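Fold and geometry: a report
So you can see what is in the structure, the chains are spelled out below.
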Amino acid sequence: MITLEQVNAASTSQAAQLLDGLYEHSPWIAQQALAQRPFDSVAQLKHAMARVVAEAGRDKQLELIRAHPELAGKAMVSKTLTAESTNEQGKAGLADCTPEEFAKIQRLNADYNVKFGHPFILAVRGPRGTGLSRHEIIDTFERRLANPADFELAESLRNIHRIVELRLNDKFGLVPALGNLVWDWQEALAEFSDPGYAEKRQLTVTYLTDAHRSAAARIMQNMRDCGFDEVTLDAVGNVVGKYRGNGNKWLLTGSHYDTVRNGGKYDGRLGIFTPMACVRELAAQQRRLPFGIEVVAFAEEEGQRYKATFLGSGALLGEFNPAWLEQKDADGVTMREAMQHAGLPATLEAISALKRNPAGYLGFVEVHIEQGPVLNEIDLPLGIVTSINGGVRYQCEAVGMASHAGTTPMNRRRDAAAAVAELALYIEQRAAQDGDSVGTIGMLQVPGGSINVVPGRCLFSLDLRAPNNAQRDALTADVMAALESICARRGIRATTELTMKAAAAPSAPPWQARWEGAVAALGVPVYRMPSGAGHDAMKLHEVMPQAMLFVRGQNSGISHNPLESSTSDDIQLAVQAFMNLLDGLDREHQ
């Protein structure tokens, strides 16, 4: 094992020797990074080396990639791999492939090299460091073979940095124990999924289904195991854990545990488990802060089963709409019935009692996976959110005239789907005019459609977002005017129902500064960024100061997708940043 003090104190040649074997046959990377000594943390060293690669230029990057061996390739067969690669490929079981698996990997290697001109690079020890299965490796190989060349080059470099991160951990004897714990909690919670998805090994947890209730029960047990003083399930299904402090005020934190359909394991849930790990540490130390910590696992944020987005966090503001109780899901089950099935009181009196008094809270902080590619592209594990974009959502219907696809002339059709398709193209062009506005028709359905029938009805959704309210409202007005114009010209009737309207939520400057200090203390650069996605923090922003921390996602930061992922090392840094935030608040309130 080596120490950071040794690396900082050694001569350049001695320090380079200490870091030998990190980047495959490429000692120049560590050598150049050492010019930035002294390093305050191993995380800072990791980032310094990643920046050397980023600034080296395409030719040097390709040289680095080509210095790596193929997976289960000739070098492994001839036993000429480096000791590090031998260890990694061996732990992944690549030395024990069946003849069929070996032959498939050889075919994939050949196809990949023909397409990209360099070997396929994958951090086979995976996001947890314990290794991917051969099945996972082959699936990833096949998926990435379809990537564009520039994207795949960047993905190869990201995997190289992950390989190096794990090798550095080995050299320094570092184990991301809390990151592993949070990672394991999330994997375990993903065991619960709604019928129709569970059978396909897809993750879908919608409001108050049996899977949702099982997830809530698991979170409650995890909270009890962590040492929370009080763990309850409230009247809308939020899981609330309280760790008492020595003062009267509370720090509110948390995120949601429902998911989109066939979604990822980290969206929302990372923001529940990260502060839970901190409470676990405080309880183990028998340490009390001058304030309490209230972690809320919000029952509903995604609006997937009922048109009631932010129901969980909104209930804490007293914003539960009584009409929601009579809403029906796709199976005709009302929300009231779903609540009763889940053992909740389903009364407005009980729900109204959830309203919090903002005067009793210091503020609200939320940790969330980034859900985008930015942190990945700049090789940073954490980002500080400056503001959450405002947005609106609509459920819409276009009604024309169903008619025979063969006998209805093109100029006499009242095609509802074509009208919505035209609107989708308009949204794409209009949102691009702002640069940072976005617009999406994410759901488009022709009920009872037939291959030989002109669509007479089309159900569709609208999701419009912008970094400030004025820009959001201008985008919305233009889209609605375009819908009216398109429908009038095509002889279509359209209805729209607003299901969500959220104001932009800039971070409270003092709280953003606290996150910045917490991240800077880790020795990694402080990076500020807006959030294009909506979060529960948007609701709490209405009544108390809030600020968010983003955590880098893998696979180019993809989210709302089964490929959504993060590493236990990045999660470890998030937990440490949260603990740094708590320590800073402790000092402020002494």
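What you are looking at is a predicted structure, and each value in this text was computed from that prediction instead of being measured.

Considerations on helix H5 (residues 58-66)
Turn by turn, an α-helix covers 3.6 residues, leaving residues three or four places apart pointing in a common direction. Every buried residue belonging to H5 is among Gln61, Leu62, Leu64 and Ile65, and all of these are buried. The buried residues of H5 all sit within an arc of 155° when viewed along its axis, so they share a single face. On its buried face, H5 sits against helix H3 (28-33), helix H4 (42-54) and helix H10 (149-172).

Examining the packing of aromatic side chains
Within the structure shown, the criterion is met by eight aromatic pairs. Taking 5.4 Å as the distance between ring centres and 75° as the angle between the ring planes, the aromatic pair formed by Tyr112 and Phe120 counts as edge-to-face. By relative accessible area, which is 0% here, Tyr112 ends up buried. Look at Phe298 and Phe364: their rings are 6.4 Å apart centre to centre, the planes differ by 50°, and that puts the pair in the tilted class. Of this pair, Phe298 sits in strand E4 (residues 292-298) while Phe364 sits in strand E5 (residues 361-369), placing them 66 residues apart in sequence. A relative accessible area of 0% places Phe364 in the buried class. Put simply, the rings of Tyr112, Phe116, Phe120 and Phe141 pair up and form one aromatic cluster. Positioned above the aromatic ring of Phe151, the side-chain terminus of Arg158 is 5.6 Å from the ring centre. The residue whose ring lies beneath Lys200 is Tyr197, and the NZ or CZ to ring-centre distance is 5.8 Å.

With respect to the packing of helix H11 (residues 177-189) against helix H13 (residues 270-284)
Axis angle and axis distance: for two packed helices, these are the angle between their axes and the distance between the axes, and together they describe the pair. Running from amino to carboxyl end, H11 crosses H13 at an angle of 135°, the nearest separation of the two axes being 10 Å. Looking at the two axes, H11 sits oblique to H13. The hand of the H11/H13 crossing is right-handed. Across the interface between the two elements, Leu178, Leu181, Val182, Trp185, Gln186 and Leu189 of H11 pack against Leu270, Phe273, Thr274, Met276, Ala277, Arg280 and Glu281 of H13. Grouping the amino acids of the contact of H11 with H13 by side-chain chemistry returns nine nonpolar, two polar and two charged.

A word on unusual backbone geometry
Of note, the amide linkage connecting Arg37 to Pro38 takes the cis form, showing an omega dihedral of 5°. Its identity is not glycine, yet His25 carries a phi of approximately 50°, on the positive side. Its place among the elements puts His25 in the loop between helix H2 (12-18) and H3. Residue His25 is classed as exposed on the basis of its relative accessible area of 60%.

A closer look at the nonpolar core
Counting 81 residues, the largest nonpolar core has Ile219, Met276, Met339, Trp515 and Leu582 as the members making the most contacts within it. Ranked by residues supplied to this core, first place goes to helix H22 (residues 568-588) with ten residues. Every residue in contact with Trp515, bar those within four places of it in the chain, is listed here: Val365, Glu366, Val367, Ile384, Ala547, Met548, Leu549, Ala577, Phe578 and Leu581. Ala15, Phe39, Ile160 and Val164 belong to the second largest nonpolar core, which has 33 residues in total.

Conventions we followed
Residues numbered from 1 in each chain as written. Predicted model: local features only at pLDDT ≥ 70, side-chain atom pairs only at ≥ 80, totals over all residues. Heavy atoms only, no water. Buried < 20%, exposed > 50% of the residue type's maximum accessible area, 1.4 Å probe, protein only. Helix = DSSP H or I, 4+ residues; strand = E, 2+ residues; numbered from the N terminus. Arc of directions from axis to C-beta. Contact = heavy atoms within 4.5 Å. Phe/Tyr/Trp six-rings, centres within 6.5 Å; stacked < 30°, edge-to-face > 60°. Lys NZ or Arg CZ within 6 Å of the ring centre and 35° of its normal. Axes fitted to C-alpha atoms, helices over the stretch in contact; angles between N-to-C directions. Parallel < 35°, antiparallel > 145°, perpendicular 65-115°, else oblique. Left-handed = near helix turned anticlockwise from the far one by under 90°. Nonpolar A, V, L, I, M, F, W, Y, C, P; charged D, E, K, R; others polar. Core = buried A, V, L, I, M, F, W, Y, C linked by side-chain atoms within 4.5 Å.

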